[in-house]
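Single-letter residue listing:
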Amino acid sequence: QVQLVESGGGLVQAGGSLRLSCAASGSIFSIDAMGWYRQGPGEQRERVATCSRSGIKIYADSVKGRFTVSRDNAKNTVFLQMNSLKPEDTAVYYCYAYYTKSSVGATLTSWGQGTQVTVSS
């Protein structure tokens, strides 16, 4: 099994910043994409940002220019720097990882437990 442990959520005023971290551990041969989804109250889960192993980054339109995703491949860790936060960014943020257990294994998905981000107006 692969575990993803998140940290860095909390309460912040609008315009503020937070940095989320997510570290993967366990039976990992290689991690392809890592990134973040979020789910606000009464909303569907939304992909926020993804970073491939080679560093290609994709963002949701709603966070472009404000959020930055990055990775430390040596530590199997992904980060989400969130600036200029808005009340509509309030959600539970989940990290995920697409990984393999061997050189010939199928790609699997693991999820973090979620971390609450609350932005007050």
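Residues numbered from 1 in each chain as written. Predicted model: local features only at pLDDT ≥ 70, side-chain atom pairs only at ≥ 80, totals over all residues. Heavy atoms only, no water.

1. Concerning the side chain of T115
As for its placement among the helices and strands, T115 is situated in strand β11 (residues 115-120). Residue classification places T115 among the buried residues on the basis of a relative accessible area of 12%. Excluding residues within four positions of it along the chain, T115 makes contact with E6, G9, L20, A91, V92 and Y93. (Helix = DSSP H or I, 4+ residues; strand = E, 2+ residues; numbered from the N terminus. Buried < 20%, exposed > 50% of the residue type's maximum accessible area, 1.4 Å probe, protein only. Contact = heavy atoms within 4.5 Å.)

2. Let's talk about the packing of aromatic side chains
Aromatic ring pairs are defined here through the distance separating the ring centres and the angle between the ring planes. Tallying each qualifying case throughout the model produces 4 aromatic pairs. For the ring pair Y37 and Y96, a centre distance of 5.3 Å and an interplane angle of 70 degrees mean the geometry is edge-to-face. Placement of Y37 in strand β4 (residues 30-39) and of Y96 in strand β9 (residues 91-100) is noted, with a sequence separation of 59 residues between them. An identical accessibility class is assigned to Y37 and Y96; each is buried. Seen from their ring centres, Y96 and Y98 are 5.1 Å apart, and the 55 degrees between their planes marks the pair as tilted. Residue classification places Y96 among the buried positions, given a relative accessible area of 1%. Judged by relative accessible area, which is 31%, Y98 ranks as partly exposed. Members of the aromatic cluster, each reached through a chain of ring pairs, are Y37, Y96, Y98 and W111. (Phe/Tyr/Trp six-rings, centres within 6.5 Å; stacked < 30°, edge-to-face > 60°.)

3. Considerations on the state of the cysteines
Following the criterion strictly, the structure yields 1 disulfide and no others. Across a sulfur-sulfur distance of 1.9 Å, C22 and C95 are joined as a disulfide pair. Disulfide C22 to C95: torsion about the S-S bond roughly 45 degrees, handedness right-handed. One end of the pair, C22, is in strand β3 (residues 18-26); the other, C95, is in strand β9, with 73 residues separating them in the sequence. Under the relative-accessibility criterion, C95 is labelled buried at 0%. (Disulfide = S-S within 2.5 Å.)

4. Some words on the sheet that holds strand β8 (residues 77-82)
With antiparallel pairing, the 4 strands of this open sheet are ordered in space as β1-β3-β8-β7. Each end of this open sheet is capped by a strand with a single partner; those strands are β1 (2-7) and β7 (67-72). Here the average twist between neighbouring strands, direction ignored, is 15 degrees. Where β7 and β8 come together, 6 bridges link them in antiparallel fashion. Paired with V69 across the bridge in β8 is L80. (Pairing = 2+ DSSP bridges. Axes fitted to C-alpha atoms, helices over the stretch in contact; angles between N-to-C directions.)

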